[in-house]
Structure formats: C-alpha cells, structure tokens
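# Examining the three-dimensional arrangement
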Amino acid sequence: MCEIFHKFIMGLREFLKEYFLGFWDYETAKVMVVKNKTLGVIYRSVQFLVITYFIWYVFISEKAYQDSETRPESSVYTLMKGTAVHGDDILDTVEYARPSEGGDVISTILRREVTYDQRQGTCAEHCKVTNANCTRHSDCVREEVDFDGHGKRTGRCVQYLNHTFKTCEIQTWCPVEEYAAVREPALVEAINFTVFIRNSIHFPRFKVLRGNIKDAPNKRDMQKYLNKCHYNEEKEPYCPNFRLGYIADQARENFSELCRTGGVIGVFINWKCNLDLDPSHCKPTYSFRRLDLRRDQANSGYYFRYAKYYSKDGVESRTLIKAYGIRLDVIVHGHAGKFSPIPTIISTVTAMTSVGICTIICDWIMLTFIDKNEVYSDRKFDEIIKEPAVPIPTELSYINSFGSNHSDLSEGVPL
C-alpha cells in the first residue's frame, strides 16, 4: 500500500512539474502552404460565407455600425368620426364610441342587446343558472347570493315565466337580461367610420422628434387635408384617418362577423429610422392584427355593458345595454440608429476574428481526414527546446534562401 501511495505521489509531482514548466512556454503560429485543391476550395468557400454574412447581414441589413435606440418616448391620441342612422335615431360619436376621444385604446359599438325598464324587485332566476331550478321552497336558501346568478334569493320557488317548471325567486334588477333583452340590428354604416390616430415619437438619445401627420404650410391647409384624406399605404402614407372597413380587411377579418361577436384588433405603428439620413425620411409603417383568440370561444369577441338611469313614476329605472364592438389597441414600436465609431470598431474586429474560423475548420479537416501518414502533423507542430548555435538546414531555412518565409508542401507529400 505504501509503495502504491509513493508511486502516486511521485507521478503527481512529475505532472505538476511538467505543467508548471509548460505554462511558461511560448506558442506561435507556423505558416504552411498545402497544395491541395479540395482543401483550398473548402477554405475559400468558408471564407466567402463568413465575409458575405458580415457584409450583407451584419453591416448592411442589421447596420451594426450604428448606435441604436429601441425604447423611444411615444404619445397616442385617438378620435372616432362618423354619423349613423339607426331606425329613427341619429347616432354620433357620443353614442357609439368609448371613449369618444381617448389615448391608445378606443372602441366602437357595432351591435346592441337592450333590456328596457329594469327596476329593483323580485323575479324568477334564469333557468340556465346552476342550481336555479326547484320544485319547492325548501330548495331555495333564503338570503343566499349565487355569484354565478343575478341576485339574492328570497327563499321562494316560483314559476319561470310562462313555462311549467319553476326556479328560485331572486331580488335584483327585473326583468333579468337573459330573457328580456331585445337584439337590435347591427350598425352596418360603421364600416365607413374613421378613427383618427395621432402619434408622436421622441428618440431622446438622438434628440429627434417625429409625428405621423404630414406637415403643411399653414393650419388651414392642414385641417383641410385631414378632413378629406384616408390612409393608403402608397397614395396617402401620412394621412392619420383609418376606415374601420380598411382596418378589418388588413387584419383579414370579416366585418359582418365582427358586428356579431365583436373583436380586439391591434394597430401596430412601427418606426424604423436611419438617422444617417435626414430625419424627414423617418416614416411610420402600419400593420393590423386580431388580438383576441378566435378559436377559443370563451376568450373571443369583445363586449361590455352600461346602463342609462332614469325615473319613471317616481321609481328609479334603467335601460341595460350589452354592446358588441371593435376595440382598437394602438401599439407603438420604435427603432432608430445612427453611425457611431465604437460599434463600428467592435463589429469590424468581430468580423476579422471570425475569419479565423476558416483556418480552424481546414486544419481540422486536414489533420483528421487528409493526413493519413501524419506528414502534415509532423510539419505543422515543432518543439524547439533551445536555439542551436549553428543553424541546421531545414525546409524553412532552405525556402528562406529563395525569399519565402513559410513552408511549401507542394511536392513529396502523399495525399
């Protein structure tokens, strides 16, 4: 046991000694020319791919020579415009827009379900509410509040409207919405409503402020232009008025279906600015996409409720309105870039360093697949312990006499 331990200690000592002495060795690259067409084609092909990647993608596409800013300051103002005829009523923005003018979220009512003349009282619970059906009074617990239902139970079991079955009586706003609501026709004129979207964006790092509305010589010309224009990507890229029908088409949605179920549509304003050019070239682009999940019925569509209160015969009454519509969420993204020497130097050094990958790949191919007789490895790796006093003739010194500073393995090497 002692002998084995002694050998282990001696071996560990020898290893540490060699590691310590080898730590102070200096390694330098040796240039060796290999006349092999296959290896040459691989080398130049990898070089071409690396250089093309950095020139085309890194520098031209991603503009890695620029200092960039991706979190600008942004302000959004929206306003719905349009008038509709609904039966004998004329509806303006106060009636169908929520809010009539607002920030980055605005909604438009497309269809309503109205429950008229609701009053505080007692009535039968809706039959689709869990545990609402009953046969006797004992089935209904007095003062119990079912949060899935419509009110507080009175403890009585009453006939459900004109049906033969019964449900528990509740204290609430009567009649209950589910069996008293009147469905009104959809507001088809809303397809021509317009939403005005004003967006200002500020890149504080570059001190650049831009807006999505075209400049005009005076305020009168500006107002005249805004009253008649409608956004078009090619003809009117600076017009901030968007038709609801256009937004639905761009989001690939059927407007009639939106009138039935409602929906949430995102209006994406994208600013991608190259500030090496004049700031006037910094223009927004728009894209539209449905945000709610259409396949998930529980999470699809958009609706909300509100009520109009009034006094009738001295009793407080209300008209409950369930409104289906389109909600527009305006989402702004911004990216600005400008030439800066620091990212340029970093990207250039990275590109030059990455070219060295070509040598590593080709060395691996040469030593693994081509060097069957270890001819290349013998020439590539030399160990010099001490420089001799008298020069020893080698391939390197021989070729140096002809003015070259590297080895040439063009002849005599079996491949």
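Going by the structure above, here's the rest.
A brief report on the enclosed structure follows. All values derive from a computational prediction rather than experimental measurement. (Residues numbered from 1 in each chain as written. Predicted model: local features only at pLDDT ≥ 70, side-chain atom pairs only at ≥ 80, totals over all residues. Heavy atoms only, no water.)

Backbone phi values are negative for most residues with the exception of glycine, while trans is the configuration of most peptide bonds. The residue after R98, namely P99, is reached through a cis peptide bond having omega -15°. Among the structural elements, P99 can be located in the loop between β6 (97-98) and β7 (101-102). Residue P175 follows C174 across a cis peptide bond; omega there is 0°. With respect to the element layout, P175 can be found in the loop between β11 (166-174) and α4 (177-180). We note that E143 has phi near 70°; this positive angle belongs to a residue other than glycine. Examined against the element boundaries, E143 turns out to sit in the loop between β9 (133-134) and β10 (152-159). Judged by its relative accessible area of 45%, E143 falls in the partly exposed class. In this model, D313 sits at a positive phi of 55°, which is unusual for a non-glycine residue. Tracing the chain through its elements places D313 in the loop between β18 (303-312) and β19 (315-339). (Helix = DSSP H or I, 4+ residues; strand = E, 2+ residues; numbered from the N terminus. Buried < 20%, exposed > 50% of the residue type's maximum accessible area, 1.4 Å probe, protein only.)

One pass over the structure, following the stated rule, counts five disulfides. Linked covalently through their sulfurs, C123 and C174 form a disulfide whose S-S length is 2.2 Å. Between C123 and C174, the disulfide has an S-S torsion of -80° and is therefore left-handed. Remark: C174 occurs in strand β11 and C123 occurs in strand β8 (residues 105-124); sequence separation between them is 51 residues. The same class applies to C123 as to C174, namely buried. Residue C134 pairs covalently with C157 via a disulfide, S to S 2.0 Å. Residues C134 and C157 are joined through a disulfide that is right-handed, its torsion about the S-S bond being 100°. Remark: C157 occurs in strand β10 and C134 occurs in strand β9; sequence separation between them is 23 residues. On the basis of relative accessible area, C157 is assigned to the buried category, the value being 7%. For the unlinked cysteine C362, the closest cysteine sulfur is that of C358, found at 6.9 Å. (Disulfide = S-S within 2.5 Å.)

When you line up the elements, N241 lands in strand β15 (residues 241-243). At 3.3 Å, the side chain of N241 forms a polar contact with the backbone oxygen of C229. When sequence neighbours within four positions are dropped, the list of residues in contact with N241 reads K81, V195, F196, L226, C229, H230 and Y231. (Polar contact = N/O pair within 3.5 Å; in protein donor to acceptor, adjacent residues only side chain to side chain. Contact = heavy atoms within 4.5 Å.)

Within strand β13 (residues 194-203), seven of the ten residues are buried, which leaves the element mostly enclosed by the surrounding structure. Where β13 meets β15, three bridges bridge the pair, whose relative direction is antiparallel. Within the sheet, the bridge partner assigned to T194 lies in β15 and is R243. Count of turn residues in the β13/strand β14 (residues 208-211) antiparallel hairpin: four residues, of which K207 carries a positive phi of about 55°. (Pairing = 2+ DSSP bridges.)

That is the geometry; function is a separate question.
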